[in-house]
Amino acid sequence: MLCALAVFAFVLFARLAPCVFAQNTTIPILAPGDAKALSQNLLGFSIEQDRWPDWSGTHSRNEFTHNALVNLGQLTGKPTKIRVGANSEDRTVWSPTVTINEDVFPPPSTLTPYPEATQVTVGDGYYALSRFLPTGTHMTWGINLALDNATNAQNMANSILKAFSSATVRQAGVFLDLLEIGNEADLYANNGLRPSGWTVAEYVADWINISTPVAQAITSQPLTAGSVHIQAASFAGQGFTPREIFSLGILGSTPGNLVSVISQHRYSAAFCNGGDFPLISFMNKASVRGNLTVFRDDIEATVALGLPYILGETGSIACHGAPGVSNTAGAALWVIDYTLQAATQEISELYFHEGVGFKYNFIQPITLNRSTTDGSPLNPPEPAHIQPSYYAGLFINTLIGPSRGTEIYELTVWDDNVSGYAVYEHGKLARAAFINLDAWLVSSTGTRPSVHIDTELFLSQNASSAVAGSTTVGRGTVNARRIVIDHADDVSNVTWAGQSFETSDVQPKGPVVVEKVSLAKGFELRSTEAILLDFAL
């Protein structure tokens, strides 16, 4: 890459045919017709069910978790949504003799330093821990389908509904939105939970059988009837698809009548058996887009039925992430581009998977006694902390902002490493983001490359004076904030708008740094960096 490559990134004009040589990119000041709705809850978290009490706290709230979530929620005015489930969802049974939970874990290994529980037994107190989340939080809870036991599914549902109907959870202002029955059932035949050759038709019949008492539990509870629904599908990939289960009549069943969300899961690769995943190939604009377009037909079919389509579990690399990739600063930039790209493809929400000690975590909620990368003992232990991807959450939620009626539009940036997005509030340009995915590594030598983004100011002939006055076009400058990273393969020392959140209580350290960017002069965007421009001054 040339260190002074010019990209004309701001032509505030109706969309023009781009000049490849000049590399012009337009930002319309009014939202184009194909801009997509942008949810204030675009970024959420999926939490591995076995370690839920570590995240929430047991006798009192986990202050680190609480502070980390509050930081994110304050930026959009909507607390981060939480899904609790995943693999251990299908290993959970309810017992009247257990107070909170009793788990059975396999021994750790170099490959999997923090393995998931093989057995999780929970009581009513387990679900009541939801009261420790920030006020206003909306939740999805997973129910065991793999056990193929309708009584256990009903017991789990009743216990969950009981918790959210209780005075303590209601007073905490935490809400149950959805129950999810089964996690990645399209993999059941592969992992011994169903016979080889188990078909999608058999899945639908099985799901209806186990989910019917769950639906009956929902509708029989006065405080949850009408407000709690079912999240369906939650497939790992394309083994089973929403289109197939729609055609098999799942939505016409008793539990299907309560389905209000369709979920699928997505990772870019898997580290289940180890492997080598170069960070440079992972931070790739083309692969981010290719990783999401596989769902296009499912998204269209879902949206056509009037249902939202989400990635109910997602992340960089499956099986807790890969060292040197998922836990790096470069992964934070990947999260930004991946999440915003998903929004432009009508994926309304993404739930990034979290556990305890997982490499791809945004947040490590408790003290760790062994390394997340190789399982070696940590002396001293490592206190609760954030990881670089947390900064992606701060960036994304700042870009979204607190206003309703927000839309997103991908900008055409003729650079293989730079992505751009514009965000509109009530149809008018509010903010824009640019992400430079070119990986600047510890091993890199020479001058760090940068992309120069020049600005040309044009107003559409159709833009009214009121619209022009509502943007910063007349002022000629915008406020800018950056995610600054020393190296893509660093695992700490990232800043957002000049501040570090790598503190003992997730409170920012240092003064806020806001730049004034001249639209006439443009600005530099270094390799492995992201910038957010605010037009709504």
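Residues numbered from 1 in each chain as written. Predicted model: local features only at pLDDT ≥ 70, side-chain atom pairs only at ≥ 80, totals over all residues. Heavy atoms only, no water.

1. Quick notes on the overall build of the protein chain
Counted only if it meets this: Working definition: helices are DSSP H or I runs of at least four residues, strands are E runs of at least two. Numbering for both runs from the N terminus. Radius of gyration: C-alpha atoms only; globule rule: 2.2 Å multiplied by the number of residues to the exponent 0.38. To sort residues, take the accessible area from a 1.4 Å probe on protein chains only and compare it with the maximum for the residue type: under 20% means buried, over 50% means exposed, and anything in between is partly exposed. Note on definitions: a residue-residue contact is assigned when non-hydrogen atoms from the two residues lie within 4.5 Å. With residues, only the protein chains shown are counted as cover, and all accessible areas are computed by Shrake-Rupley using a 1.4 Å probe.
The secondary structure content of the protein chain amounts to 13 helices and 27 strands. Here the C-alpha atoms of the protein chain give a radius of gyration of 23 Å, agreeing with the 24 Å that 2.2 N^0.38 yields for 537 residues. Overall, the C-alpha framework of the protein chain stretches about 70 × 55 × 45 Å when taken along its three principal axes. Out of the 537 residues in the protein chain, the part that is buried amounts to 58%. Once local pairs closer than 6 in sequence are excluded, the contacts in the protein chain between residues at least 24 apart make up 77%. Entry remark: accessible area of the protein chain is about 19800 Å², with carbon and sulfur atoms responsible for 53%.

2. Some words on the nonpolar core
To keep it simple, the criterion reads: Nonpolar core, defined: a set of buried Ala, Val, Leu, Ile, Met, Phe, Trp, Tyr and Cys residues in which side-chain atoms within 4.5 Å join the residues together.
Core analysis: the largest hydrophobic core is formed by 125 residues, its most contacted members being Trp-52, Trp-141, Leu-179, Tyr-203, Ile-336, Tyr-390 and Ile-483. Considering every element that reaches this core, the biggest residue donor is helix 11 (residues 329-344), with ten residues. Leave out the neighbours within four places in its chain, and Ile-483 touches Leu-333, Ile-336, Tyr-391, Ala-392, Phe-395, Val-494, Thr-495, Trp-496, Glu-529 and Ala-530. Ala-35, Tyr-409, Ile-453 and Ile-531 belong to the second-largest nonpolar core, a separate cluster that totals 22 residues.

3. Some thoughts on the sheet that holds strand 12 (residues 259-270)
Condition: When DSSP finds two or more bridges between a pair of strands, those strands are recorded as paired. Note on geometry: axes are lines fitted to C-alpha atoms, helical ones only across the stretch in contact, with angles between N-to-C directions running from 0 to 180 degrees.
Judged by pairing direction, the barrel is parallel, and its eight strands sit side by side in the order 4-5-9-10-11-12-13-14 before closing back on the first. Along the sheet, successive strands turn relative to each other by an average axial angle of 25 degrees, direction set aside. The pairing of strand 4 (residues 43-48) with strand 14 (residues 349-354) spans five bridges and is classified as parallel. Each residue of the ladder has a partner; that of Leu-43, found in strand 14, is Leu-350.

4. What to know about empty space enclosed by the protein
Here is the rule we go by: Here a cavity denotes a set of grid points, spaced 1 Å apart and computed over the protein atoms alone, in which a 1.4 Å probe fits but from which it cannot get out, and a pocket denotes an open set meeting protein on both sides within 12 Å along at least five of seven lines; residues with an atom within 4 Å of a point are reported as lining. Grid points are joined across faces, edges and corners, and a volume is the space filled by probe spheres set on the points. Basically, the charged four are Asp, Glu, Lys and Arg, the nonpolar ten are Ala, Val, Leu, Ile, Met, Phe, Trp, Tyr, Cys and Pro, and anything else, Gly included, counts as polar.
Counted under the stated rule, the structure contains two cavities of 30 Å³ or more. Here the largest cavity defines a volume of roughly 70 Å³. Lining the largest cavity are 13 residues, and of these Ser-316, Val-335, Phe-352, Tyr-360 and Phe-362 sit closest to its centre. Among the secondary structure elements, those contributing two or more residues to the lining of the largest cavity are strand 13 (309-318), helix 11 and strand 14. Taken together, the residues that form the lining of the largest cavity break down as six nonpolar, six polar and one charged. The computed volume of the second largest cavity comes to approximately 30 Å³. For the lining of the second largest cavity, the element with the most residues is helix 2 (residues 63-76), which contributes three residues. Here the lining of the second largest cavity is composed, by residue class, of five nonpolar, four polar and one charged.

5. Considering the packing of aromatic side chains
Applied cut-off: What counts as a ring pair is set by centres within 6.5 Å for rings of Phe, Tyr and Trp (its six-membered ring), and what kind of pair is set by the plane angle: stacked under 30 degrees, edge-to-face over 60, tilted for all other angles. Two conditions define a charge located above a ring, namely a distance within 6 Å from the ring centre to NZ of Lys or CZ of Arg, and an angle within 35 degrees of the ring normal.
Applying the stated criterion across every chain yields a total of 22 aromatic pairs. Between the aromatic rings of Trp-198 and Phe-240, the centroid separation amounts to 6.0 Å while the plane-to-plane angle is 55 degrees, which identifies the pairing as tilted. You can see Trp-198 sitting in the loop between strand 10 (175-181) and helix 6 (200-220) and its partner Phe-240 sitting in the loop between strand 11 (229-235) and helix 7 (242-247), a full 42 residues away along the chain. For the pair shown, Trp-198 and Phe-240 are each scored as buried. Among the aromatic residues, ring-to-ring pairing joins Phe-45, Phe-282, Trp-334, Tyr-338, Phe-352 and Phe-362 into one connected group. In this structure, Arg-194 packs its charged tip against the face of Trp-198, placed 5.3 Å from the ring centre. It is Arg-370 that lies over the ring of Tyr-114; its NZ or CZ is 4.3 Å from the centre.

6. Structural notes on the state of the cysteines
Defined as follows: Cysteine sulfurs are considered disulfide-paired once they come within 2.5 Å of each other.
The final tally for this structure, using the stated rule, is one disulfide. Residue pairing for Cys-272: its cysteine sulfur links by disulfide to Cys-319, the two sulfurs lying 1.8 Å apart. Its S-S torsion of about 55 degrees marks the bond between Cys-272 and Cys-319 as right-handed, since a negative value means left-handed. Pair noted here: Cys-272 is in the loop between strand 12 and helix 8 (279-282) and Cys-319 is in the loop between strand 13 and helix 11, with a separation of 47 residues, a long-range link.

7. Describing the confidence of the model for the protein chain
Rules: Residue-level confidence of the predictor is summarised by pLDDT, bounded by 0 at the bottom and 100 at the top.
For the protein chain, the mean per-residue pLDDT works out to 91, and 91% of the residues sit at or above 70. Between residues 1-23, whose pLDDT stays under 50, and residues either more than four places distant or in other chains, the model counts 84 contacts. Overall, residues 460-475 carries pLDDT values under 50, and its contacts beyond four positions in sequence, including any with other chains, amount to 20 contacts.

8. Considerations on the environment of Glu-515
How we decide: Polar contact is defined as a pair of N or O atoms within 3.5 Å, subject to the rule that within protein one atom must be able to donate a hydrogen and the other to accept it, and that residues adjacent in sequence are counted only when both atoms are side-chain atoms.
By the element assignment, Glu-515 lies in strand 25 (residues 515-518). Residues Glu-515 and Ala-480, 35 residues apart in the sequence, show an inter-C-alpha distance of 5.0 Å. Excluding anything up to four places from it in sequence, Glu-515 contacts Val-478, Asn-479, Ala-480 and Arg-482. Within the local environment of Glu-515, its side chain forms a polar contact with the side chain of Arg-482, the two groups lying 2.5 Å apart.

9. Points about helix 10 (residues 296-304)
Owing to its 3.6 residues per turn, the α-helix aligns residues three or four sequence positions apart on the same side. The cut-off we apply is this: To be clear, the arc concerns the directions from the helix axis to the C-beta atoms.
Those residues of helix 10 that sit buried are Asp-298, Ile-299 and Thr-302. Projection of helix 10 onto a plane perpendicular to its axis shows the buried side chains occupying an angular sector of 100 degrees, all on one side. Residues of helix 10 that are exposed and point more than 90 degrees away from the buried face comprise Glu-300 and Ala-304. Where the residues of helix 10 are buried, they touch helix 7, strand 12 and strand 13.

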